[in-house]
Amino acid sequence: MSLTTEPARAEFGYDPFSPEVMADPLPFYRHLREHQPIYYMPEYDMFALSRFDDVMEMLSVTDGTFVPTDGTLPDPGALRRHNNGTVIAPTTAEPLPPYSMFGPPVHEILRQAHVGPLRAGAVRRLADFIREQANERLDLLLPRGRFDLTQHYGGIVAAAVQCHLFRIPLSEAKYLLDTVNAGSLTDEDPQSERSLNRYRPLVELVEGIVRQRRKQGADGTFPLVDGLLTLELDGRKLNNTEIAQTLIVVIIGGSETVPKVVAHGLWELQRHPDQMAAVRADLKTNVPIAFKEMVRLCGPAQWFARTVQRPTSIGGQAMNTGQRVIFLIPSAARDEREYGPDSEEFRWNREIKRWVNFAWGNQFCTGYHLALLEGGILVEEFLRRVPEFEVQEADAVRLPSFFQWGWNELPVTVPVED
Ligand code: HEM
């Protein structure tokens, strides 16, 4: 089957874990949007939503009808075990499952307990730090003439921001980034020991931070951790591992997406010299606009899952208790019905009235403000400091993945001054 053209209807099959889909999902999404927008996979008792309106309809239901009780990224083994009409809601008893598996109100309680430093006002205060980090990286990288835009530029800066938030020495930024990246790699066997424990090193790192903070005493001055240390959930405090498991989502979300969007987005500008010139004409005004289009088209996260908690319907499709639904973000983000006939193209000043790239509703990305600020600064400083650059396409790496399908490595060359 050709990977660049839409698969023929008769032979079509979509499985998010199949090697063909993990290598290039876009032709599959095109087909799904056009012919089978709500696609049922009997093996997993799961629907895939590929059109913008259906995704938005589902995410707008916030009453607990759709809750990720099987996890937001369940592995195929878990999905093959069907719920057969019954769902077992997670309880707050020790050990607490990952917080994303809860619906309202527990999910919201855990979210509010740590989200303070990610709110708009708090994030704005990080602007100078991020700009400083971006420039320090560029001071180091530009004289080399060639470097990796994803990992060496945005990756390290994004990880440094997480170090700053979590009071980890900045010298650990590379370790943090490597740990997140290793966790996000998709094994050929998603149920291998490595795959199932892929974020263990990160949990251990954050457990250490929580343990130390507990000893120091939580006085509210380290809100990311203190809020969860002081929280009483159904009459009990959380242990260090439970708090760490809640917080690693911030580090993962904060380290892996923005760098890929920035690197890919800069490449799009390089490929469209007229758009590059237009953005460069007024970086301060234009970069925030262009960065939204970069998020829309270059976001690497493919899908997240929900489990149906009570009989319902989406887009006219009946769904029963226990069935799963995944929403295909890059497909919805390319839906011609929402973004027009050139929806698969990069257009820096596209008017984006609505988007699902940060999800919507209960699980709306808590890193939204940071993502826009950080991404904007990374793009702006790069364009300000680098008058010309060329992405080395032949050496670019985009690893197969059911989840984070984005440019893992994007080497770039820049002219070096004598
Ligand atoms: C362009 C960058 C980003 C994109 C496109 C993005 C996208 C998303 C999406 C789609 C979700 C929803 C997952 C679901 O519905 O199950 C999400 C959740 C989340 N994101 Fe982001 N994200 C980005 C950056 C960040 C950053 C910078 C952080 C950290 C500061 C972050 C932290 C989180 C967290 C903690 C959640 C879970 C929220 C919850 O369940 O309450 N993200 N993100």
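Residues numbered from 1 in each chain as written. Predicted model: local features only at pLDDT ≥ 70, side-chain atom pairs only at ≥ 80, totals over all residues. Heavy atoms only, no water.

Enquirer: Describe in detail the overall build of the protein, supporting the description with residues and values.
Expert: Each helix and strand counted, the protein has 18 helices and 10 strands in total. The globule rule puts the C-alpha radius of gyration for 418 residues at 22 Å, and the 21 Å found for the protein is close to it. A principal-axis box enclosing the C-alpha atoms of the protein has dimensions of 70 × 65 × 40 Å. Out of the 418 residues in the protein, the part that is buried amounts to 56%. (Helix = DSSP H or I, 4+ residues; strand = E, 2+ residues; numbered from the N terminus. Rg over C-alpha atoms; globule rule 2.2 N^0.38 Å. Buried < 20%, exposed > 50% of the residue type's maximum accessible area, 1.4 Å probe, protein only.)

Enquirer: Any details on the site of the ligand? Residues and values, ideally.
Expert: Near the ligand lie 25 residues; those nearest to it are Y99, R111, R306, C365 and T366. At 2.9 Å from an oxygen atom of the ligand is found a side-chain nitrogen or oxygen belonging to Y99. The separation between an oxygen atom of the ligand and a polar side-chain atom of H107 is 3.0 Å. Of all the secondary-structure elements, those providing two or more residues to the shell around the ligand are α5 (106-112), α13 (240-271), β5 (303-308) and α18 (368-385). For the shell around the ligand, the element with the most residues is α13, which contributes 6 residues. A class-by-class count of the residues in the shell around the ligand yields 13 nonpolar, 10 polar and 2 charged. (Near = heavy atom within 4 Å. Polar contact = N/O pair within 3.5 Å; in protein donor to acceptor, adjacent residues only side chain to side chain. Nonpolar A, V, L, I, M, F, W, Y, C, P; charged D, E, K, R; others polar.)

Enquirer: Which residues make up the nonpolar core, and what values do they have?
Expert: Ranked by internal contacts, the top residues of the largest apolar core, which has 110 residues, are L110, F166 and L383. Filtering out sequence-adjacent residues up to four positions away, L383 remains in contact with L266, L269, M276, V279, R280, L283, V287 and F389. With 23 residues, the next largest nonpolar core counts F12, V21, L26 and M46 among its residues. (Core = buried A, V, L, I, M, F, W, Y, C linked by side-chain atoms within 4.5 Å. Contact = heavy atoms within 4.5 Å.)

Enquirer: How would you sum up empty space enclosed by the protein? Please name residues and give values.
Expert: What the rule picks out here adds up to 3 cavities of 30 Å³ or more. A volume near 80 Å³ is recorded for the largest cavity. Looking at the largest cavity, the residues that line it are M58, L59, V61, F66, R306, W360, N362 and Q363. (1 Å grid on protein atoms, 1.4 Å probe; cavity = no way out; pocket = protein on both sides within 12 Å on 5 of 7 lines; lining within 4 Å. Points joined across faces, edges and corners; volume = space filled by probe spheres on them.)

Enquirer: Pulling in residues and values, what's your account of the sheet that holds strand β3 (residues 66-67)?
Expert: Read across the open sheet, the 5 strands follow the order β1-β2-β8-β5-β3; overall the sheet is mixed. Where the open sheet ends on each side, the last strands, each with one partner, are β1 (38-41) and β3. As defined by bridge partners, β1 adjoins strand β2 (residues 46-49) across 4 bridges and the pair is classed as antiparallel. Note on β2: the bridge partner recorded for I38 is L49. The strands touched by helix α3 (residues 52-59) are β1, β2, β3, β5 and β8 (324-328); relative to β8, the strand with the most contacts, the crossing angle is about 125°. (Pairing = 2+ DSSP bridges. Axes fitted to C-alpha atoms, helices over the stretch in contact; angles between N-to-C directions.)

Enquirer: Kindly report on the pairing of β8, identifying the contributing residues and their values.
Expert: Of all 5 residues that make up β8, 5 are buried, and the element is covered over most of its length. Neither face of β8 is exposed, since R324, I326 and L328 on one face and V325 and F327 on the opposite face are all buried. As judged from the 4 bridges shared by β2 and β8, these two strands associate in the parallel manner. What sits directly across from L49, in β8, is F327. Note that β5 and β8 share 5 bridges and pair antiparallel.

Enquirer: Tell me about the packing of aromatic side chains, and please be specific about residues and values.
Expert: The geometry of an aromatic ring pair comes down to the distance between the two centres and the angle between the two planes. Within this structure, the stated rule accounts for 19 aromatic pairs. Note on W303 and F402: the rings are 5.6 Å apart at their centroids and 35° apart in plane angle, and the pair reads as tilted. Taken together, the residues span a long stretch of sequence, with W303 in strand β5 and F402 in the loop between β9 (390-391) and β10 (411-413) at a distance of 99 residues. Taken together, the aromatic side chains of F12, Y14, F28, Y29 and Y39 make up a single cluster linked through ring pairs. One cation-aromatic arrangement involves R271 over W267; the distance from NZ or CZ to the ring centre is 4.1 Å. (Phe/Tyr/Trp six-rings, centres within 6.5 Å; stacked < 30°, edge-to-face > 60°. Lys NZ or Arg CZ within 6 Å of the ring centre and 35° of its normal.)

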